[in-house]
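Coordinate analysis (summary)
This is what each chain is made of:
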Amino acid sequence: MRETVGAQRIEMFSVVGLTLDDVSSGSLPHVHLVKTLDSRLTKSNFRYAERILVYTTIETDTQGLVARTKYRQQGQFLVFLYFNDAAVEACKEIGIPLRILDRIDECDLPSRRATVVERPYLAPVSK
């Protein structure tokens, strides 16, 4: 959901934590999301909706350590992903479970981040 502050719209992101077990088992929600969206490109019963964005911290940046410390009480996470609302909605619709640790404003995203997914959300056409 986008919030309006003054004349500026702020996008919200969900912080998703992945453990070592998640990573080693291949339980990577962003990978499953991309595969499903790619498979929809050739089908006509889907429409373009909002833009999906998923970011992660850069390995050499200290933001990953800051996030590990901040969310330590919720588990031992190796990787943090930041899903915008369209990405969260797509995962819900597709049936991809997310371990959402927090919701943050776009301005609170790590300043040094890598884009993991950026593409349009191909949503099912309502009947």
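Conventions adopted
- Residues numbered from 1 in each chain as written.
- Predicted model: local features only at pLDDT ≥ 70, side-chain atom pairs only at ≥ 80, totals over all residues.
- Heavy atoms only, no water.
- Phe/Tyr/Trp six-rings, centres within 6.5 Å; stacked < 30°, edge-to-face > 60°.
- Helix = DSSP H or I, 4+ residues; strand = E, 2+ residues; numbered from the N terminus.
- Buried < 20%, exposed > 50% of the residue type's maximum accessible area, 1.4 Å probe, protein only.
- Lys NZ or Arg CZ within 6 Å of the ring centre and 35° of its normal.
- pLDDT = per-residue confidence, 0-100.
- Core = buried A, V, L, I, M, F, W, Y, C linked by side-chain atoms within 4.5 Å.
- Contact = heavy atoms within 4.5 Å.
- Axes fitted to C-alpha atoms, helices over the stretch in contact; angles between N-to-C directions.
- Parallel < 35°, antiparallel > 145°, perpendicular 65-115°, else oblique.
- Nonpolar A, V, L, I, M, F, W, Y, C, P; charged D, E, K, R; others polar.
- Salt bridge = Lys/Arg side-chain N within 4 Å of Asp/Glu carboxyl O.

1. Concerning the packing of aromatic side chains
Each aromatic ring pair is summarised here by two numbers: the centre-to-centre distance and the angle between the ring planes. All told, the structure shown has three aromatic pairs when counted by the stated rule. Between the aromatic rings of F13 and Y55, the centroid separation amounts to 5.7 Å while the plane-to-plane angle is 35 degrees, which identifies the pairing as tilted. Here the residue F13 occupies a position in strand 2 (residues 8-18), and Y55 occupies one in strand 3 (residues 46-57), the gap between them amounting to 42 residues. A single burial state applies to F13 and to Y55, both of which are buried. The ring of Y55 has R113 lying over it, and the distance from NZ or CZ to the ring centre is 4.8 Å.

2. Regarding the confidence of the model for the protein chain
Mean pLDDT over the protein chain: 85, with 91% of residues reaching 70 or higher. Model confidence for the protein chain, summarised as mean pLDDT per element, is weakest for strand 1 (residues 2-5) at 50 and strongest for strand 5 (residues 100-105) at 96.

3. Regarding the nonpolar core
Grouped together as the largest cluster of nonpolar side chains are 21 residues, with contacts concentrated most on L33, I52, V54 and F83. Those elements that provide at least two residues to this core are strand 2, helix 2 (29-40), strand 3, strand 4 (79-84), helix 4 (85-94) and strand 6 (113-124). A per-element tally of this core places helix 4 first, with five residues. Beyond its immediate stretch of four places on either side in the chain, I52 contacts L33, L37, N84, A86, A87, A90, V117, E118, R119 and Y121. By size, the runner-up hydrophobic cluster in this structure holds 12 residues, among which are Y55, F77, F80 and I104.

4. With respect to helix 4
Taken residue by residue, helix 4 has D85, A86, A87, V88, A90 and C91 as its buried positions. Just beyond helix 4, the residue with positive phi is G95, at close to 95 degrees.

5. Topic: the packing of helix 2 against helix 4
In helix packing, the relevant descriptors are the interaxial angle and the interaxial distance, both defined with respect to the helix axes. In the contact formed by helix 2 and helix 4, the axes pass within 11 Å of each other and the chain directions differ by 80 degrees. With respect to their mutual orientation, helix 2 and helix 4 come out roughly perpendicular. Contacts between helix 2 and helix 4 involve L33, T36 and R40 from the first element and A87, A90, C91, E93 and I94 from the second. Across the contact of helix 2 with helix 4, the residue classes tally to five nonpolar, one polar and two charged.

6. Points about the pattern of salt bridges
Opposite charge on two side chains makes pairing possible when the charged atoms of those side chains draw close. Scanning the model with the defined rule gives five salt bridges in all. As a salt-bridge pair, D22 and R99 come within 2.8 Å of each other at their nearest N and O atoms. Of this pair, D22 sits in helix 1 (residues 20-25) while R99 sits in the loop between helix 4 and strand 5, and the two are 77 residues apart along the sequence. Classification of R99 by relative accessible area gives partly exposed; the value is 36%. Measuring nitrogen to oxygen at the nearest pair gives 2.7 Å for the salt bridge that ties D85 to R103. Of this pair, D85 sits in helix 4 while R103 sits in strand 5, and the two are 18 residues apart along the sequence. Of the residues examined, R103 reaches a relative accessible area of 36% and is grouped as partly exposed.

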